[in-house]
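Residue strings, one per chain:
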Amino acid sequence: SFLAWYSKHNKQLGNNEAVKYNQVIENLGNGYSPSTGKFTAPVTGIYSISVTMMSARTNFMHLRIMKNSQFLTALFSNKETYPQASTTLNVFLKKGDTAWVQRQTGRVLEAHMNGRFNVFSGVLITPM
């Protein structure tokens, strides 16, 4: 399992850039890399992957949840009142597959108040 949050206040992210959740709280199995922002499955199985986000009130934000180079789903938050969005997916990953969060559009990933509004986590549900 892993749990990481993004603590960079008002960081500009490039198009299609991986979000690098830099504050790692838990990383059992060492599958998550804060330098790449990617989780690499240490064993084959079904994983539950969760992402929460908050955009700045001055802009919108689109994030994509990726499996290797495959787009799985997206999160969107509009501008105005520090909108939030979240999703959880149960996904099959082979050993060595990656799961990660990619910025699609928008400008700023808001990460104030210790950055705990922007979280990426995952847990192995069933090894196969």
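That block above? That's the structure.
Bear in mind that the values here come from a model prediction, so they are computed numbers and not experimental data. (Residues numbered from 1 in each chain as written. Predicted model: local features only at pLDDT ≥ 70, side-chain atom pairs only at ≥ 80, totals over all residues. Heavy atoms only, no water.)

Caption draft 1: Focus on the pairing of strand β6 (residues 45-54). The element β6 is extensively covered by neighbouring structure, given that eight of its ten residues are classed as buried. Summarising the sheet, β6 and strand β9 (residues 84-93) pair through ten bridges and their orientation is antiparallel. Among the inter-strand pairings, Ser50 is bridged to a residue of β9, identified as Thr88. Pairing of β6 with strand β12 (residues 119-127) involves eight bridges; the strand directions are antiparallel. Bridge pairing links Thr52 to Val119 in β12. (Buried < 20%, exposed > 50% of the residue type's maximum accessible area, 1.4 Å probe, protein only. Helix = DSSP H or I, 4+ residues; strand = E, 2+ residues; numbered from the N terminus. Pairing = 2+ DSSP bridges.)

Caption draft 2: Just unusual backbone geometry, in detail. For Asn30, which is not glycine, the phi torsion reads 55 degrees and is therefore positive. The residue Asn30 is located in the loop between β3 (23-27) and β4 (32-33) in this model. At Asn68, a position not held by glycine, the phi torsion is positive, near 55 degrees. Along the chain, Asn68 falls in the loop between β7 (61-67) and β8 (70-77).

Caption draft 3: Local environment of the packing of aromatic side chains. Per the counting criterion, the structure on display carries seven aromatic pairs. Look at Phe2 and Phe120: their rings are 4.9 Å apart centre to centre, the planes differ by 75 degrees, and that puts the pair in the edge-to-face class. Of this pair, Phe2 sits in strand β1 (residues 2-5) while Phe120 is found in strand β12, placing the two residues 118 residues apart along the sequence. Residue classification places Phe120 among the buried positions, given a relative accessible area of 0%. Between the aromatic rings of Tyr6 and Tyr21, the centroid separation amounts to 6.2 Å while the plane-to-plane angle is 75 degrees, which identifies the pairing as edge-to-face. In this pair, Tyr6 is assigned in the loop between β1 and β2 (11-12) and Tyr21 in the loop between β2 and β3, connecting sequence segments 15 residues apart. By way of ring pairs, the aromatic residues Phe2, Tyr6, Tyr21, Tyr32, Phe39, Tyr47 and Phe120 are connected into one cluster. When the ring centre of Trp100 is taken as reference, the NZ or CZ atom of Lys38 above it lies at 4.3 Å. One residue, Arg64, lies across the ring of Phe71, its end atom 5.3 Å from the ring centre. (Phe/Tyr/Trp six-rings, centres within 6.5 Å; stacked < 30°, edge-to-face > 60°. Lys NZ or Arg CZ within 6 Å of the ring centre and 35° of its normal.)

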